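Spelled out, the chains give:
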Number of protein chains: 2
Amino acid sequence: MRTLIRTSFALVAAIVLVAAPVAGDEGMWMPSQIPELAPQLEKMGFRGDASAFAGPTGQPMGAIVSLGFCTASFVSPDGLMATNHHCAAGALQYNSVPERNLLQDGFLAKTREDEVSNGPGSQVWVTVSFENVTDAITGDIDPALGDLERHELIERRIKRQTAGCEADGLHCQVSSFFEGLEYYELAQLEIPDVRLVYAPAEGIGNFGGETDNWRWPRHTGDWSFFRAYVGPDGEPAPFSNDNVPYRPKHWLKVQPNGVADGDCVFVVGYPGKTQRHYTFEEVRDTVEWGYPSTIRRYEEQIKILEDLGRDDEALRLKASGRLRGLHNSLTNRKGMLEGLVDGGILAQKEQRQTELAEWIAADPERQKTYGYVLPGLADVEEESLRTRERDDILAQLLPSLGSRTRLSRASLVSAAHTARLLAEAKAKKDIDRERGLQERDWSRIREVQERMQQSFDVRIDRALLRWAFVRAAALAAEERIEGLDELLGLTPGMAEADSARAIDAYLDRLYAGTKAADQAFRLSLLEMTSTELDATGDSFLELAATLDSLYQVNREAEKRAEGASSRLRPLYAEAMIEKTDGPVAPDANSTLRVTYGQVLGVDGRDGVYWKPFTTLAGIEQKHTGEGEFDAPAAEMKAIEALRQGKETPYVKESLEDVPVDFLSSVDTTGGNSGSPTLNGHGELVGLLFDGTYDTVASDFLFDPVRTRSIHADVRYLLWVMSEVDGATHLIEEMGIN
Amino acid sequence: MRTLIRTSFALVAAIVLVAAPVAGDEGMWMPSQIPELAPQLEKMGFRGDASAFAGPTGQPMGAIVSLGFCTASFVSPDGLMATNHHCAAGALQYNSVPERNLLQDGFLAKTREDEVSNGPGSQVWVTVSFENVTDAITGDIDPALGDLERHELIERRIKRQTAGCEADGLHCQVSSFFEGLEYYELAQLEIPDVRLVYAPAEGIGNFGGETDNWRWPRHTGDWSFFRAYVGPDGEPAPFSNDNVPYRPKHWLKVQPNGVADGDCVFVVGYPGKTQRHYTFEEVRDTVEWGYPSTIRRYEEQIKILEDLGRDDEALRLKASGRLRGLHNSLTNRKGMLEGLVDGGILAQKEQRQTELAEWIAADPERQKTYGYVLPGLADVEEESLRTRERDDILAQLLPSLGSRTRLSRASLVSAAHTARLLAEAKAKKDIDRERGLQERDWSRIREVQERMQQSFDVRIDRALLRWAFVRAAALAAEERIEGLDELLGLTPGMAEADSARAIDAYLDRLYAGTKAADQAFRLSLLEMTSTELDATGDSFLELAATLDSLYQVNREAEKRAEGASSRLRPLYAEAMIEKTDGPVAPDANSTLRVTYGQVLGVDGRDGVYWKPFTTLAGIEQKHTGEGEFDAPAAEMKAIEALRQGKETPYVKESLEDVPVDFLSSVDTTGGNSGSPTLNGHGELVGLLFDGTYDTVASDFLFDPVRTRSIHADVRYLLWVMSEVDGATHLIEEMGIN
């Protein structure tokens, strides 16, 4: 599912994450916590050794890797990896040519020689170590330190820690757990040569498309296979014909018998971000303003892009990826809002916070330690609301530094601003540069600009920029974006038609005065000093400079707030953990996690029960031969052969059919896409790829009754590989006879 | 459900019905057959006395009455009757005035004085006797008689039998069972003074509208209440303020505790028509030509009516009833076709017929008795196909005599033709008149013309007539409608534009030359002799006369075919019964039937299970406050009060909510609408009102796995009466405290 691709980078955002009490199957657990949970696992029917999941580098955990935006797992000793079909969209697009659309037709390398590069910027991260570094990050901080200085100190310590770790040639990441109560350092081997091995046709891998996205019953074969390659010496190396398949220490055994209703299952992967312990005030503001305004923005931008593409095929293609993303996010946000309001999550949040406050107040000692925390966090939140309209528009123009979404929003103004920030950063020592602008980040910044070209069209760029300017023109007098009024010739309270005219006139000048639409020029900006940038006289650099004043003001306020949070939130987490009976899972933060649950159906709308398995029969029912429900002819023929009695080991007896997808009660979120679903023996029985619509809001509060994740069944995978796509050599490579 | 309103009159049509073997819960049984089925009932959990259902005039059977198009049942000693909301549409419309739309707002008579007439043509038929009259109808017929003469003889005997029965002032009907193997005479008391007592608002009674029609999960409160009135002497009498409530011999006890999952239930009512034993050839032709052509016709007519109404509110209102009917029938026919083809019914039919043929051929004696039957029926069917395109168009212009659908198709040309047929019939003795044109039918013929005015608009009439002419113009040379070409100035093979011009020119003349749009004139036609009709010089009478030549030719061919069928079909039925192990249910024919089954969920599409009960929670989920999902404010408030803890005896513990509708495996069809659903003690626990979409094709072959009927739960009925509509006096009248 696009669903579970991470939609935002978690490093900065993780500041607001907090611990969650255990309930039902809730919890994206740190591997080290699994042995503590043995009693719960036993209750769920698990009879294996829970400690097998404890070490992040043992079996099976060592076989699970990160692709950055998705999870994957090794399934052979020759570095073959399984992940989702939708995690391969980039690789399929990269290898497509006008006469051969791999996204549509799928891809199968019959031999290793046929395996093709996933494209620049690809990587596989294999976990090497995972260590508690809390003392090094937050030990011995003078309590009298101001919030800004406190933030800077922690940032500097994180950068130093990371630099020390990466000195060994690894990829390292220091992450906050339990709201900054603990910090861990994750060290990973980064393998840049990743190749496409196999992906089914879109009519299997994305069967049901947007219509079925986030929905059950589902019939999507959402898998693809990659292979990691390394230099002849076994060390990571850029793509080269001399490279050889990577030999991982661990790989998963594939269990062709799959799972049954009620079976205990595990999902291991890299979930991106959850907000289970936003304070009540944060959730309330999200409900009242944040999501409604985001939904409005998505809807407006969708309309702009659809209008642009209506009569222009080329433009439609350029906008298609962005539109898919917008539609997906729109559905997500609507689901969130429904869950938060209609589903009663907001009310439950308030209830829980009241209980926490009462628990704190009930004991003088606790009152002394924690009494000021909730009011303090409420103040931080309150402060952030003051200029939220203005800040939201600015963030659309200049996305925040760590945000991966920069890629999807990529536009000339943010490109120009990135060049400016980079030039300023380069003038400093590496340790003094902000995270995201350090030397380790430069290649990725360049890649983002390179990839941007694919979806770039000046008409799209201008239409979205105009949309932001129109919103800026309508801001109240006390919330204007500094400098912008002068540049565009706007005044607060100006008639709409007048401001539109001024904006259009400015946009004419802006696009006439830039060369940034040219990729070579844009990339050259990344190599310039500040002086050189000024010397170009490019109109977009002028715009970026104008916006930068407010950006810097906001950035400092943000740092101050983060400093305050780093004082308050660990105590908030500590109080919550102290109050909770039993182990607590930290919020997701893009590190390796284990979640467990059962294969389990669930009540749908009133009068409807969703069974845990779907079957090939549903593909026959949904297949229309066109659009989103266009199963390949080869698959329809294979189903027909099965119906005529052709034998296959992948039929589930109780269903009298091949299972396609299944539901489980595991707890997952964006970033989990592609995660292997394991049985109690650590064997692969499916691939996690989506959650139901009712599940979306569980990012805020886990609902053990309604939350369900959606998995592709390994039997469907093997049946398609064997009966439809002729990928029997891969089945053999996975050790299945 | 509109679903189960009878859509065609069964007297003539019943000729093609035949026996069905028992399987699962299949069977719309004659009451007298129920004792034979005691073992099956016991297996289903029934612990009562099956013989209670045997007599059509005992308890509970005597409480069940026919409204002609729907079923109803007495629920109090004062003649109060329960039926469906959609069976009250006519009465609600009749009593509506511009400032008070009862269809929309519902109706409740607070006292008996407030009860209002259902309008002219209303009736309740209470069964008085039910007797086997086979000998009188088909005894001692000379086997050498020709088919036409044979048909005339049987018709004459039926008319004589009916006339004898009606001499006592009763309403009588002689019906064929088992394809003419048996005939029964049903004598009923006809009560013409029927009054509207209570119907909920449309937002309850038709909640979900077209969107939910034929669907599950369902949340429709499809009930209404009437009362039968008679003269002060207790005898049926036309509406009068002196009339008093009818005191039925039997009425149902209402069981406020309802039913539970798996409970045995009975539905008693007057199902209209099933085709369980069409021959394979008949089903094949229905699949290949009949239904596809009907579906095309519905779609074309829907488009015409929707286009007409688009800019004209008044026209839209006139067309609305017809459009609802067309949409309902379209969904029905599509469901039929899906079931027949995709559901494999056609293939099963072929299989069964092959088995029957083999069984016949396996024994020389059987071969001698039955060997010629299947080939003979195939010949009759073959003959009917020859000019089916032409005959289908003619039937659209001049619907067949017995067809109740005449009302819905009502148009000036059929009105003129009816006047002509009636005038010719009146010149004969009553016994020589065709059934449908006898003295007993005259008042109904007049009523149809009176009611027609309500939905009549000359623009609609002309548009539909034009549609038929355009189709007629396109007929092949060997299938032209005699006389029509000359009248309209058409020639076979004429260019489309030319024929359209000719048709429009003729239509101009036609509508300029008629007074038939005037109701008084149209009604006066029904009183004229043939000579008087000719003397009017009305253009529609000329058109009717032109079409009548072919009508008479077809009518004679039809009679010949029916004569042949009356020789062959009883033997077909006899062979089938002989071959079947156990009792066989005759096809539905608008006589009183009993069907039994269980409260039972069912698998929906792949991955979905439909639970047997829906609840108020579903109304909260579906309620949008507009269109088809607009529950009354009073109901939403009552639900809110319930959620806040207000006590009610109508909550089903296991659901923790008030049940709304439920599914059962009983076997029902059009005409069953309003039938009471009884528990094993003969107590009312719900009202049958629809079937699921998968059920539609069961008219052809009962599928015990997928077929489900939909009932309104008595607890929802009582909860709404008590908490929403304030109908507590009726609850008391039904004897519930």
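Attention shifts here to the pairing of strand 9 (residues 182-191) of chain A. All names here are of chain A. Burial of strand 9 is extensive: 8 of the 10 residues sit out of reach of the surface. Looking at chain direction, strand 7 (residues 124-132) and strand 9 are connected through 8 bridges and run antiparallel. Within the sheet, the bridge partner assigned to Glu 131 lies in strand 9 and is Glu 185. Once strand 8 (residues 171-177) ends, the chain turns through 4 residues before running back antiparallel as strand 9, passing Phe 178 with a positive phi of about 50°.

A word on the pattern of salt bridges. Residues and elements named next belong to chain A. In total, this model carries 100 salt bridges over all chains according to the counting rule given. Among the ionic pairs, Arg 440 bridges to Glu 166, the shortest N-O distance being 2.8 Å. One end of the pair, Arg 440, is in helix 17 (residues 439-455); the other, Glu 166, is in helix 6 (residues 147-166), and 274 residues separate them in sequence. Counted as one network, the salt bridges with shared partners bring together Asp 78, Arg 112, Glu 115, Arg 227, Arg 247 and Glu 733.

A separate point is the environment of Lys 429 of chain A. Topologically, Lys 429 of chain A is positioned in the loop between helix 16 (412-426) and helix 17. C-alpha of Lys 429 of chain A to C-alpha of Arg 440 of chain A: the two residues are 11 residues apart in sequence and 13 Å apart in space.

Here we take up the nonpolar core. Core analysis: the biggest nonpolar cluster contains 128 residues, and Trp 223, Phe 225 and Trp 719 of chain A together with Trp 223, Phe 225 and Trp 719 of chain B have the highest contact counts within it. The biggest single contributor to this core is helix 26 (residues 714-724) of chain B, with 8 residues. The residues touching Phe 225 of chain A, leaving out its near neighbours within four places in the chain, are Val 75, Leu 80, Met 81, Ala 82, Arg 195, Leu 196, Val 197, Tyr 198, Leu 717, Met 721 and Met 734 of chain A.

The subject of this paragraph is unusual backbone geometry. Residue and element names in this part refer to chain A. Residue Pro 60 is reached from Gln 59 by a cis peptide bond, and omega for that bond is 10°. Turning to its location among the elements, Pro 60 is positioned in the loop between helix 2 (38-43) and strand 2 (64-66). Here the residue pair Trp 216 and Pro 217 is connected by a cis peptide bond, since its omega of 0° sits within 30 degrees of zero. Mapped onto the fold, Pro 217 is located in the loop between helix 8 (209-212) and strand 11 (224-230). Of note in this structure, Asp 140 is not a glycine but carries a positive phi near 50°. Mapped onto the elements, Asp 140 comes out in the loop between helix 5 (134-138) and helix 6.

Residues and elements named next belong to chain B. At a minimum axis separation of 10 Å, helix 10 (residues 313-341) and helix 18 (residues 458-473) run at an interaxial angle of 55°. The angle between helix 10 and helix 18 falls in the class oblique. Contacts between helix 10 and helix 18 involve Leu 315, Lys 318, Ala 319 and Arg 322 from the former and Arg 459, Ile 460 and Leu 464 from the latter.

With that out of the way, let us pick up the confidence of the model for chain A. All names here are of chain A. Averaged over all residues, the pLDDT of chain A equals 91, while 95% of them reach at least 70. For the stretch residues 6-24, pLDDT sits under 50, and the model shows 70 contacts to residues farther than four places along the chain or on other chains. Of the regions scoring below 50 in pLDDT, residues 404-408 engages in 10 contacts with residues more than four places distant in sequence or in other chains. Overall fold confidence (pTM) sits at 0.86, and the ipTM for the predicted complex is 0.83.

Residues and elements named next belong to chain A. Here the structure, examined in full by the defined rule, presents 4 disulfides over all chains. Residue Cys 70 pairs covalently with Cys 87 via a disulfide, S to S 2.1 Å. Every disulfide takes its handedness from the sign of the S-S torsion; for Cys 70 and Cys 87 that torsion is -80°, giving left-handed. Taken together, the residues span a long stretch of sequence, with Cys 70 in the loop between strand 2 and strand 3 (71-74) and Cys 87 in the loop between strand 4 (80-83) and helix 3 (89-94) at a distance of 17 residues.

An order of 16(A)-17(A)-17(B)-16(B) is seen for the 4 strands of this open sheet, with the pairing classed as antiparallel. Where the open sheet ends on each side, the last strands, each with one partner, are strand 16 (602-603) of chain A together with strand 16 (602-603) of chain B. Examined bridge by bridge, strand 16 of chain B and strand 17 (residues 608-610) of chain B share 2 bridges and lie antiparallel to one another. Its bridge partner lying in strand 17 of chain B, Asp 603 of chain B is registered against Tyr 609 of chain B.

So, on to helix 20 (residues 496-512) of chain B. All names here are of chain B. In a regular helix each residue adds 1.5 Å, so 17 residues correspond to 24 Å; helix 20 covers 24 Å between its end C-alpha atoms and thus fits that length. Inspection of helix 20 places Ser 499, Ala 502, Ile 503, Tyr 506, Leu 507, Leu 510 and Tyr 511 among the buried residues, and these make up the whole buried set. Seen end-on, helix 20 carries its buried residues on one side only, within an arc spanning 155°. In helix 20, those exposed residues whose orientation departs by more than 90 degrees from the buried face are Arg 501 and Ala 512.

As a further point, take the interface of chain B and chain A. Residue-level contacts link 18 residues of chain B with 18 residues of chain A. For the pairing of chain B and chain A, the buried interface totals around 1,300 Å² over both sides, and the portion due to carbon and sulfur atoms is 45%. Taken together, chain B and chain A are joined by 2 salt bridges. Note that Lys 611 of chain B is salt-bridged to Asp 603 of chain A, the shortest N-O span being 3.1 Å. Inspection of the chain B/chain A interface yields 15 residue pairs in polar contact (both at pLDDT 80 or more). For the side of chain B that touches chain A, the secondary structure elements donating two or more residues are strand 17, strand 18 (613-615) and helix 24 (616-622) of chain B. It is helix 24 of chain B that contributes the most residues to the side of chain B that touches chain A, 4 residues altogether. Looking at the side of chain B that touches chain A, its residues break down into 7 nonpolar, 6 polar and 5 charged.

Mapping chain B onto chain A leaves a residual RMSD of 0.1 Å; the transformation is a rotation of 179° accompanied by 0.3 Å of translation along its axis. The relationship between the two copies is best expressed as a two-fold rotation axis. Residues of chain B ranked by C-alpha distance from the rotation axis are headed by Tyr 609 of chain B, positioned 2.5 Å from it.

One pass over the structure, following the stated rule, counts 36 aromatic pairs over all chains. Between Phe 266 of chain A and Tyr 596 of chain A, the aromatic rings sit 6.4 Å apart at their centres with planes inclined by 55°, giving tilted as the arrangement. Residue Phe 266 of chain A is located in strand 13 (residues 264-269), and its partner Tyr 596 of chain A is located in strand 15 (residues 593-598); the two are separated by 330 residues in the primary sequence. For the pair shown, Phe 266 of chain A and Tyr 596 of chain A are each scored as buried. Here the aromatic cluster, defined as three or more aromatic residues joined through ring pairs, consists of Phe 46, Phe 53, Phe 266 and Tyr 596 of chain A. Cation over ring: Arg 195 of chain B sits above Tyr 229 of chain B, and NZ or CZ is 3.7 Å from the ring centre. Above the ring of Phe 456 of chain B, the side-chain terminus of Arg 522 of chain B is found at 5.6 Å from the ring centroid.

Tracing the chain through its elements places Asp 485 of chain B in helix 19 (residues 484-488). In contact with Asp 485 of chain B, not counting residues within four places along its chain, are Arg 480, Leu 490 and Pro 492 of chain B.

Rules used throughout
Residues numbered from 1 in each chain as written. Chains lettered and ligands numbered in written order. Predicted model: local features only at pLDDT ≥ 70, side-chain atom pairs only at ≥ 80, totals over all residues. Heavy atoms only, no water. Buried < 20%, exposed > 50% of the residue type's maximum accessible area, 1.4 Å probe, protein only. Helix = DSSP H or I, 4+ residues; strand = E, 2+ residues; numbered from the N terminus. Pairing = 2+ DSSP bridges. Salt bridge = Lys/Arg side-chain N within 4 Å of Asp/Glu carboxyl O. Core = buried A, V, L, I, M, F, W, Y, C linked by side-chain atoms within 4.5 Å. Contact = heavy atoms within 4.5 Å. Axes fitted to C-alpha atoms, helices over the stretch in contact; angles between N-to-C directions. Parallel < 35°, antiparallel > 145°, perpendicular 65-115°, else oblique. pLDDT = per-residue confidence, 0-100. Disulfide = S-S within 2.5 Å. Expected span 1.5 Å × (residues − 1). Arc of directions from axis to C-beta. Buried area = accessible area lost by both parts, 1.4 Å probe. Polar contact = N/O pair within 3.5 Å; in protein donor to acceptor, adjacent residues only side chain to side chain. Nonpolar A, V, L, I, M, F, W, Y, C, P; charged D, E, K, R; others polar. Least-squares fit on C-alpha atoms with pLDDT ≥ 70 in both. Phe/Tyr/Trp six-rings, centres within 6.5 Å; stacked < 30°, edge-to-face > 60°. Lys NZ or Arg CZ within 6 Å of the ring centre and 35° of its normal.

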